[in-house]
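Here's the letter readout for the chains.
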Amino acid sequence: MRARTTRDRLGRPPALLMVPAALATLLLLVPLVAMVAATNWQALPGHLTSQVALEALRLSLVTSTVAIVLCLLLGLPLAWLLARVDFRGRGALRALVTVPLVLPPVVAGVALRSAFGRTGVIGAPLLEWTGFAFPFTAYGVVLAHVFVSMPFVVIAIEGALRSADPRFDEAAATLGATRWTTFRRVTVPLALPGVIAGTVLGWARSLGEFGATITFNGNYPGRTQTMPTLIYVARQSDADAALSLSLVMLVVSIGVLVALRDHWLGTP
Amino acid sequence: MKSRPRKQWLPAVMLSLLLPLAACGSDDSGTASDDSSAGGGDTGGSLTVLAAASLTDVFAQLATPFEEEHGADVSVSFGSSTDLAEQAVDGAPGDILATADETSMQIAEDASVTGDVETFATNVLTIVVPRGNPAGIESLDDLDGATWVRCADEVPCGKVALAVLEDNDITAEPASLEEDVRATLDKVISGEADAGLVYSTDAVAAGDDVEAIEIPGAEDELTSYYVTSLEQAENADLAADWVTWVTSEEGQKILADAGFGSP
Amino acid sequence: MRTPLGSSLVADLDVAGRVRAAFTAAPGEVMAIIGPNGAGKSSLLHAVAGLVDVTGHARLGDTDLLATPVRERRVGLVFQGQLLFPHLSAVDNVAFGLRARGESKAAAGAVAREWLERFRIGDLAERRPRELSGGQAQRVAIARALATDPDVLLLDEPFTGLDVSVQMALRIELGQHLRDFPGIALLVTHDAIDALTLADRVLVLDEGQVAQVGPPAEVAAEPRTAHVARLVGLNLVADGDDLMAFTPDAVVVSRTEPEGSTRLRWHGPIATLAPHGDAVRLLVHASPDLLADVTPAAATELGLVPGAEVWLSTKATAVSRYGARAGAGGTGR
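These numbers were taken from a predicted model, which means no experiment stands behind them.

(A) Seen up close, the overall build of chain A. Broken down by element type, chain A carries 15 helices and 0 strands. Based on the C-alpha atoms only, the size of chain A along its principal axes is roughly 60 × 60 × 30 Å. Taking as baseline every contact in chain A between residues at least 6 positions apart, the subset at least 24 positions apart corresponds to 75%.

(B) Layout of the overall build of chain C. A tally of helices and strands in chain C yields 9 helices and 18 strands. Projecting the C-alpha coordinates of chain C onto the three principal axes gives extents of approximately 80 × 40 × 35 Å. Of all 333 residues assigned to chain C, the portion counted as buried reaches 44%.

(C) Layout of the nonpolar core. Grouped together as the largest cluster of nonpolar side chains are 139 residues, with contacts concentrated most on I157(A), I33(C), V48(C), V94(C), L154(C), L186(C) and L187(C). With 16 residues, the top contributor of residues to this core is helix 8 (residues 138–163) of chain A. Structurally, this core is a two-domain feature, drawing no fewer than three residues from each of domain 1 (9–226) and domain 2 (235–321) of chain C. Those residues in contact with I157(A) that sit more than four places away from it in its chain are G75(A), L76(A), A79(A), A191(A), G194(A), V195(A) and G198(A). One finds L230(A), A234(A), C157(B) and A233(B) within the second-largest nonpolar core, a separate group that totals 88 residues.

(D) How the structure looks around the interface of chain C and chain A. Taken together, the contacts link 17 residues of chain C with 14 residues of chain A. Of all the secondary-structure elements, those providing two or more residues to the side of chain C that touches chain A are strand 6 (75–78) and helix 2 (90–100) of chain C. Grouping the constituent residues of the side of chain C that touches chain A by class yields 10 nonpolar, 4 polar and 3 charged.

(E) Representation of the interface of chain A and chain B in the model. Contacts between the two partners involve 23 residues from chain A and, on the opposite side, 23 residues from chain B. Secondary structure elements with two or more residues in the side of chain A that touches chain B: helix 5 (90–102), helix 6 (105–116), helix 12 (211–217) and helix 13 (227–237) of chain A. Of the residues belonging to the side of chain A that touches chain B, the class tally is 13 nonpolar, 8 polar and 2 charged.

(F) Structural view of the domain arrangement of chain C. According to the domain assignment, chain C contains domain 1 (9–226) and domain 2 (235–321). A class-by-class count of the residues in the side of domain 1 of chain C that touches domain 2 of chain C yields 3 nonpolar, no polar and 2 charged.

(G) Inspection of the pairing of strand 4 (residues 55–60) of chain C at higher detail. All names here are of chain C. Pairing analysis gives 6 bridges linking strand 1 (residues 9–15) to strand 4, with the strands arranged antiparallel. Its bridge partner being in strand 4, D14 is matched across the sheet by T55. Between the end of strand 4 and the start of strand 5 (residues 63–64), which pair antiparallel, lie 2 residues, with G61 showing a positive phi angle near 65 degrees.

(H) Summary view of the sheet that holds strand 18 (residues 320–323) of chain C. Residues and elements named next belong to chain C. Taking strand neighbours across the sheet as the criterion, the 3 strands line up as 11-12-18 in an open arrangement whose pairing is antiparallel. The two strands at the open ends of the sheet, each matched to only one other strand, are strand 11 (235–239) and strand 18. Here the average twist between neighbouring strands, direction ignored, is 25 degrees. Of the strand pairs in this sheet, strand 11 and strand 12 (residues 242–246) are connected by 5 bridges, and their pairing is antiparallel. Across the sheet, residue N235 finds its bridge partner in strand 12, namely F246.

(I) Expanded view of the pairing of strand 5 (residues 125–130) of chain B. Residues and elements named next belong to chain B. Most of strand 5 sits out of view: 6 of its 6 residues are buried. Where burial is concerned, the two faces of strand 5 agree: the one with L125, I127 and V129 and the one with T126, V128 and P130 are both buried. Here 4 bridges tie strand 5 to strand 8 (residues 195–199), and the two strands are oriented antiparallel to one another. When the sheet's bridge partners are listed, V128 is paired in strand 8 with G196.

(J) Inspection of the sheet that holds strand 10 (residues 209–214) of chain C at higher detail. All names here are of chain C. Read from one edge to the other, the open sheet built from 6 strands follows the order 6-7-8-3-9-10, with strand pairing classed as mixed. For this open sheet the edge positions go to strand 6 and strand 10, each flanked by a neighbour on one side alone. Strand after strand, the sheet turns through a mean of 15 degrees between neighbouring axes, direction not considered. Looking at chain direction, strand 3 (residues 30–34) and strand 8 (residues 184–188) are connected through 4 bridges and run parallel. Residue pairing in the sheet places V30 in a bridge with A185 of strand 8.

(K) Main features of helix 4 (residues 102–110) of chain B. All names here are of chain B. All of the buried residues in helix 4 are S104, M105 and A108. Looking straight down helix 4, one finds that the buried residues subtend no more than 95 degrees of arc, so they occupy a single side. Buried residues in helix 4 make contact with helix 3 (81–89), strand 3 (96–99), helix 5 (156–167) and strand 10 (223–229).

(L) The arrangement of helix 6 of chain A in detail. All names here are of chain A. If you check helix 6, its first and last C-alpha atoms are 16 Å apart, about what 12 residues at 1.5 Å a residue would give, namely 16 Å. All buried positions along helix 6 are accounted for by P105, A108, G109, L112, R113 and F116. In a view along the axis of helix 6, the buried residues occupy a sector of 140 degrees, so they form one face of it. Looking at the buried side of helix 6, the elements it contacts are helix 5, helix 7 (123–130), helix 8 and helix 12.

(M) Up close: the arrangement of the chains. Pairwise contact counts over the 2 pairs of chains in contact peak for chains A and B. Across all C-alpha pairs, the smallest distance from chain B to chain C is 23 Å, and the two are not in contact.

(N) Structural context of the packing of helix 3 of chain B against helix 4 of chain B. Residues and elements named next belong to chain B. Close contact between helix 3 and helix 4 brings their axes to 9 Å; oriented N to C, the two are set at 5 degrees. By the angle between their axes, helix 3 is roughly parallel relative to helix 4. Here S81, T82, A85, E86, A88 and V89 of helix 3 lie close against helix 4, whose contacting residues are S104, M105, I107 and A108. Split into classes, the residues belonging to the contact of helix 3 with helix 4 amount to 6 nonpolar, 3 polar and 1 charged.

(O) Local environment of the confidence of the model for chain C. Residues and elements named next belong to chain C. Overall, the predicted model of chain C reaches an average pLDDT of 88, with 95% of residues at or above 70. In the predicted structure, residues 327–333 sits below a pLDDT of 50 and forms 9 contacts with residues beyond four places in sequence or in another chain. Among the prediction metrics, the complex's ipTM stands at 0.81, with pTM recorded as 0.75.

The rules behind each value
Residues numbered from 1 in each chain as written. Chains lettered and ligands numbered in written order. Predicted model: local features only at pLDDT ≥ 70, side-chain atom pairs only at ≥ 80, totals over all residues. Helix = DSSP H or I, 4+ residues; strand = E, 2+ residues; numbered from the N terminus. Contact = placed C-beta atoms within 7 Å. Buried ≥ 20, exposed ≤ 12 C-beta atoms within 10 Å, placed from the backbone. Core = buried A, V, L, I, M, F, W, Y, C linked by C-beta atoms within 7 Å. Domains from an automatic or database assignment. Nonpolar A, V, L, I, M, F, W, Y, C, P; charged D, E, K, R; others polar. Pairing = 2+ DSSP bridges. Axes fitted to C-alpha atoms, helices over the stretch in contact; angles between N-to-C directions. Arc of directions from axis to C-beta. Expected span 1.5 Å × (residues − 1). Parallel < 35°, antiparallel > 145°, perpendicular 65-115°, else oblique. pLDDT = per-residue confidence, 0-100.

Right, here's the structure in full:
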């Protein structure tokens with residue numbers, strides 16, 4: 001005897017839904033498959049081991065990792081504040097935090113320049129007092145990455161904190177824990193899967209960041225040239241190299257998805 | 001009773017709207033179209049021009065009298081020469097291709113999508129500094145130790161810059177290799193860079209925002225601009241008229257006013 | 001015997017829209033708080049713990065409890081549903097309060113293990129909460145609250161959701177720990193047997209108000225609310241300023257109006273019949289609802305089925321009569 005499946009009981013999925021679904025799938029997959037197909041495999045090892053590619057990859061990994069650590073150090077407390085502390089303007093603050101998420105990255109770059117550029121509101125006095133300026137440095141790249149990745153981190157972690165039962169915080173308080181102890185030993189451990197997901201998401205966003213970085217920091221090998229920037233300029237002269245480098249980013253992106261599969265791809 | 005679950009789709013939709021937004025908006029070589037003469041009625045057709053970024057302002061000026069004379073709509077798509085040549089080869093809808101270097105034009109010629117290629121203008125590299133020249137740059141020699149920018153080696157303005165620097169034995173390292181000449185100029189206008197190497201036409205276009213400093217001997221590394229009608233031109237006569245127009249005396253005067261040299 | 005060494009709790013608390021209650025409790029005393037759902041039992045506990053907004057006052061000895069932050073109140077709360085930290089082992093859960101109060105990891109762990117041993121679950125120390133049975137988890141939760149040596153122990157329905165056999169065992173165990181506990185214990189329950197077996201005094205809440213305070217035996221014998229009467233299995237009838245309580249087995253059931261001059265008779269349809277020990281217990285929709293126990297033989301003979309109209313009566317000698325507004329009970333023993 002065959003077990004009755006959902007399909008048997010509810011009828012066949014309608015073509016009106018299946019056709020667009022299939023189109024959506026194709027639309028998303030075909031370009032990626034085409035990119036892999038167009039890759040020049042003979043030249044690939046050479047492209048990936050070139051000095052400039054290795055420098056860009058190293059810079060991308062270093063800056064996005066430093067950026068995500070900063071995002072966590074600053075974003076986790078902000079997420080906690082939004083999730084756990086009742087204060088006036090909380091809704092407005094939450095909306096503000098999401099702004100960089102919807103901002104075109106190039107606008108983010110212009111905004112960063114207005115604040116931290118050499119003539120910026122903060123950048124000008126900073127340059128005057130310390131002689132240090134963010135633009136054209138790896139610090140500037142990190143700053144741009146933090147700016148665009150922080151919303152992902154904050155929103156993902158805030159969601160995780162909200163879904164954790166706040167009564168555990170109350171239980172900790174009755175046991176004599178300060179809010180700091182509770183945060184450290186109860187709140188964060190309970191929301192850990194969400195914290196990790198937010199971190200990986202933010203890191204991936206940071207790794208792919210291009211518009212804000214190139215606007216704010218320009219492009220110089222070993223200093224500000226990350227993988228996406230390198231792909232962009234390589235495209236002008238050597239399409240094969242751009243494809244090879246893009247493949248690396250694709251592999252990294254798939255790696256991120258695999259790391260997050262329990263969160264997003266957990267259902268069959 | 002049913003109203004509570006109704007909003008559950010909202011976060012999902014919001015997210016699906018936000019994510020692609022966050023991921024795009026990064027391509028600077030987008031198109032800008034000139035619809036200053038979106039006149040209706042019986043026009044003499046429309047003309048699509050694919051032009052190098054450094055032609056942005058002057059082609060807009062050239063378009064207006066041309067439209068009046070021919071009763072045609074001219075729209076110009078600006079980008080890097082390489083990008084535009086590749087787009088033309090890929091069959092992008094366009095009647096005219098105008099590039100800032102020979103290499104890019106060669107891509108189109110190799111693919112046999114071009115008509116006769118004409119050189120219609122030249123450009124010369126110059127130093128620009130922000131208004132007031134905060135770093136006190138007076139020549140290429142002052143670039144050493146300054147925060148300065150030029151185009152990346154891969155794009156035409158970068159190739160010219162490399163050649164000029166080599167001619168003058170300059171080894172100073174730039175702070176950034178910009179993706180095109182507009183981005184280079186932008187870094188100077190905004191004051192992020194003390195100096196930049198751009199075309200003299202860009203310095204003219206930027207007006208009071210920058211000060212230009214001539215580079216002696218830069219004319220040895222002239223940039224030539226090439227124009228051609230394209231195979232896929234829908235209106236071959238109109239396309240030919242555009243090529244004639246930019247090489248005409250009147251057209252050349254407009255180009256000269258914008259700082260271009262004659263071929 | 002207990003050795004009262006702490007301070008008394010004197011409270012008059014008002015949780016807006018939930019409960020308003022004034023009460024006192026002495027060290028070593030176990031006070032049960034009973035009442036129907038929504039009477040404000042949990043709100044009262046949470047008010048003492050500081051987890052809800054409350055007005056009024058509460059003094060624990062010289063300490064103004066309401067002016068003290070939750071974590072400094074020296075109040076141990078055993079939450080309904082335990083709320084053990086799911087990411088910590090049993091021993092780490094019990095040690096949590098000690099570590100939060102500055103004990104070293106080793107010292108806190110040692111004390112926590114002692115507590116688990118006292119609850120005879122020392123062998124489960126390393127298990128996570130999800131690997132514990134309901135009864136085991138409740139023991140850990142109580143140990144966690146007691147380990148911080150609180151002045152006030154608050155237990156919120158500690159037996160809810162447990163199997164009946166587990167409830168019995170845990171009730172006996174908790175009784176032993178409460179006898180050893182020198183502080184004040186407030187026990188929220190909806191089960192009369194908890195109040196009768198564990199408490200020194202019972203505080204009855206009804207619709208957010210204190211309806212009755214007194215020793216368990218007194219409250220059970222002379223309940224002032226229908227809820228408590230139902231919990232202890234008594235019929236409760238108001239008669240002017242008096243209340244009359246009588247047991248279901250003192251009720252005589254007949255199909256016709258009883259003869260004689262007794263005023264103690266009521267009339268109404270049978271709502272339910274259910275076996276109760278050797279008898280059949282009827283719930284009759286008289287005014288008010290009344291319980292009556294009859295023998296199975298009598299039930300058959302009288303043709304008692306749901307919906308059947310019956311007369312109930314009882315003898316005056318079987319009725320306990322007391323004032324509806326007698327004093328609200330003493331403040332201790």
